[in-house]
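Examination of the molecular architecture
Residue-level listing of the chains:
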Amino acid sequence: MADPRLNSVHLEFPRREQFRQARDVLLNARGWQTVLAEQKDIEAEADRPNTIVQNERGQAPAGVRFWLMDESYIYPLKIGLNTVGRSPDNDVIVQDGFVSRRHCAILVHASKGAELYDTASKNGTFLNGQKLAAPTRLRSGDEIRMCDRNLIFVMREDDIPPSPAHTVTVQE
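Scope of this entry: the structure provided in the associated data block.

Conventions we followed
- Residues numbered from 1 in each chain as written.
- Predicted model: local features only at pLDDT ≥ 70, side-chain atom pairs only at ≥ 80, totals over all residues.
- Heavy atoms only, no water.
- Helix = DSSP H or I, 4+ residues; strand = E, 2+ residues; numbered from the N terminus.
- Buried < 20%, exposed > 50% of the residue type's maximum accessible area, 1.4 Å probe, protein only.
- Pairing = 2+ DSSP bridges.
- Contact = heavy atoms within 4.5 Å.
- Axes fitted to C-alpha atoms, helices over the stretch in contact; angles between N-to-C directions.

1. Section: unusual backbone geometry
- Even without a glycine there, the phi angle at Ala 120 is positive, about 60 degrees.
- Considering the arrangement of structural elements, one finds Ala 120 in the loop between β7 (114–118) and β8 (126–127).
- We note that Asn 128 has phi near 50 degrees; this positive angle belongs to a residue other than glycine.
- Overall, Asn 128 belongs to the partly exposed group, its relative accessible area being 36%.

Here it is, written out as structure tokens:
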């Protein structure tokens, strides 16, 4: 596995299989432009630590197109795969004992737009109050909930695609 963030050896069966299926869906959803942008980002910033910015005004630093935010921090997102969970090697680290090591992922496409994926988390990922059952396109202002942690997804206004179909698949 080329990306250590997507390793599943820590999981027991059947969650390991569920995680692997979710990982395959996530990786296959990247288009060639996104894969190229990810490679450039990896080469340019190989030693970059996870980024977190104090949320003083609710705005991300200049040059950031997509980000998550809570009441205290802004978590800039990069083009490509952004993992979210309690493990310290995630792009967005959520320090909460009930959040899975790899709780969910946000895929930011090079051609604009982003999608939320649950990565077989134990307690589920919720988008705008609905449990996520399938990958779902994100819109600016969407609320992502993992256990008791809420994050708001934001994208710069000039990056909002024209009226995308926005549906949340509810798991029964």
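2. Here we look at the sheet that holds strand β5 (residues 92–93)
- On the basis of which strands lie adjacent, the open sheet formed by five strands has the order β5-β4-β6-β7-β10 and mixed pairing. Two strands bound the open sheet, and with one partner strand each, they are β5 and β10 (136–137).
- The sheet contact formed by strand β4 (residues 80–85) and β5 spans two bridges and is parallel. Across the sheet, the residue bridging to Gly 85 is Ile 93, located in β5.
- Sheet contacts for helix α1 (residues 15–28): β4, β6 (104–108) and β7; angle to β7, the most-contacted strand, approximately 170 degrees.

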